[in-house]
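Breakdown of the fold
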Amino acid sequence: TLVCDAGKFTVRTRLLGERTLNAILATAAVAISQDLPLEPILQRLEELEPMRSRLQSVPLASGAVLIRDEQKSTLETIDAALDLLEKIPAQRRICVLGQVSEPPGSQGAVYRRLGERLASAATHLVLIGDPETRRRYRVGLKAVEAETELLYQGMNVLEAIESLRGFLGPGDAVLVKGRDTQCLARISLGLAGSQVRCSARTCKVKLTDCDFCGRLETGWAGNPKHVP
């Protein structure tokens, strides 16, 4: 509900998360400052679709809802995504989480704190990363005696897809969150029905992303750990 000198307006949006309210409020503020009518602008906001892989909601054939957010994973964006996941009234809340991009300060402290957060935000977890990263998340979970169930932990996105494909069902919400070089978009695409054969651990290809990559369905010759 937007309240201003022009009146009270009901605002609907397809953008997810409380932090997107800043963009909506900024839009309204500009319109008000320029004496523009709010109704057509709010209508455009209602029609605005979220950016791909930026807290993007995707319905799955299983009846679950997928939240794609794999473009970046700086600490503040992980907290924003977990804020959203925690408030979704889902039967089960599954979080697929990779590594933090450029964690500030002590990496151990950052990962442990996120592990503690996951205890309340998610009912089930898939952890993608090296053994030390996964250990740090688990330390945080253990510190708060979390009952969160670990579905998969490792570095193989194809195995992660398989662990989720038969698990998700109606009423579930699954968040996929990770740094760009991990290419966790492959997990989202696999859950959405795409054929995924690429299992490279990291990728530095910047010409495109997984949604449009020609290697998504064919994989890389020799299944390298790193794609140059």
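Relevant structure appears above.
Read on for an overview of the structure. (Residues numbered from 1 in each chain as written. Predicted model: local features only at pLDDT ≥ 70, side-chain atom pairs only at ≥ 80, totals over all residues. Heavy atoms only, no water.)

**Observations regarding the overall build of the protein**
- Within the protein, the regular secondary structure consists of seven helices and 10 strands.
- At 19 Å, the protein has a C-alpha radius of gyration in line with the 17 Å of a compact globule built from 228 residues.
- For the protein, the spread of C-alpha atoms along the three principal axes comes to 60 × 45 × 40 Å.
- Taking the contacts inside the protein whose residues are at least 6 apart along the sequence as the reference set, 68% of them involve residues at least 24 apart.
- Within the structure as shown, the protein displays about 12100 Å² of accessible surface, and the carbon and sulfur contribution to it stands at 51%.
- One finds the centroid of the 30 positive side-chain charges in the protein at a distance of 7 Å from the centroid of its 27 negative side-chain charges. (Helix = DSSP H or I, 4+ residues; strand = E, 2+ residues; numbered from the N terminus. Rg over C-alpha atoms; globule rule 2.2 N^0.38 Å. Contact = heavy atoms within 4.5 Å. Areas by Shrake-Rupley, 256 points an atom, 1.4 Å probe, with all protein chains shown as cover. Lys, Arg positive; Asp, Glu negative; His and termini not counted. Charge placed at Lys NZ, Arg CZ, Asp CG, Glu CD.)

**Comments concerning the sheet that holds strand β8 (residues 172-177)**
- Here we have six strands laid out as an open sheet, ordered β3-β4-β8-β5-β6-β7, and mixed in their pairing. Each of the sheet's edge strands pairs with one partner strand only, and the pair in question is β3 (56-59) and β7 (149-154). Neighbouring strand axes in the sheet, compared pairwise and without regard to direction, differ in orientation by 15° on average.
- Relative to strand β6 (residues 124-128), strand β5 (residues 92-97) is paired through four bridges, and the arrangement is parallel. If you follow C95 over to β6, its bridge partner there is L125.
- Across the sheet, helix α5 (residues 131-143) lies against β5, β6 and β7, angled at about 165° from β7, the strand it touches most. (Pairing = 2+ DSSP bridges. Axes fitted to C-alpha atoms, helices over the stretch in contact; angles between N-to-C directions.)

**Considering the side chain of Q99**
- The residue Q99 is located in the loop between β5 and α4 (107-121) in this model.
- Once residues lying within four places of it in the same chain are set aside, the contact partners of Q99 are S73, Y111, I128, G129, D130, T133, Y137, R179 and Q182.

**Quick look at the packing of α4 against α5**
- As a packed pair, α4 and α5 sit with axes 7 Å apart at the nearest point and diverge in direction by 50°. The pairing of α4 with α5 is recorded here as oblique in orientation. Our pair here, α4 against α5, has a crossing hand that is right-handed. Only T133, R136, Y137, V139, G140, L141 and A143 of α5 make contact with α4, whose side of the interface consists of Q107, G108, Y111, R112, L114, G115, E116, L118 and A119. (Parallel < 35°, antiparallel > 145°, perpendicular 65-115°, else oblique. Left-handed = near helix turned anticlockwise from the far one by under 90°.)

**As for the nonpolar core**
- Core analysis: the largest hydrophobic core is formed by 26 residues, its most contacted members being V96, I128, L164, L168 and I187.
- Elements supplying a minimum of two residues to this core: β5, β6, α6 (157-165), β8 and α7 (185-191).
- Residues within four places of L168 in sequence aside, it is in contact with L60, S62, A64, R92, I94, V174 and L191.
- Of all hydrophobic cores here, the second largest spans 22 residues; its members include L75, A81, C95 and V110. (Core = buried A, V, L, I, M, F, W, Y, C linked by side-chain atoms within 4.5 Å. Buried < 20%, exposed > 50% of the residue type's maximum accessible area, 1.4 Å probe, protein only.)

**Focus: the pairing of β7**
- Relative to β7, β6 runs parallel, the two being bridged by five bridges. Residue V126 lies in a different strand from β7, and its bridge partner there is Y152.
- For the crossover from β6 across α5 to β7, the handedness is right-handed. (Right-handed = clockwise from strand over helix to strand, strands pointing away.)

**Considerations on the pairing of β3**
- Only one face of β3 is buried, namely the one carrying Q56 and V58, since none of S57 and P59 on the opposite face is buried.
- Where β3 and strand β4 (residues 65-69) come together, four bridges link them in antiparallel fashion. For V58, the partnering residue across the bridge sits in β4 and is L66.
- The loop that links β3 with its antiparallel partner β4 comprises five residues; one of these, G63, has a positive phi angle of about 100°.

**Comments concerning the side chain of D172**
- Mapped onto the fold, D172 is located in strand β8.
- With relative accessibility at 3%, the residue D172 sits in the buried group.
- Setting aside anything within four residues of it in sequence, one finds D172 in contact with A64, V65, A90, Q91, R92, I94 and F167.

**A word on the environment of T27**
- Locating T27 in the fold gives a position in helix α1 (residues 21-33).
- The exposure class assigned to T27 is partly exposed, which follows from its relative accessible area of 29%.
- Each C-alpha atom of the pair T27 and I41 lies 8.2 Å from the other, and the pair is 14 residues apart in sequence.

These results come straight from atomic positions and should not be treated as a statement about function.
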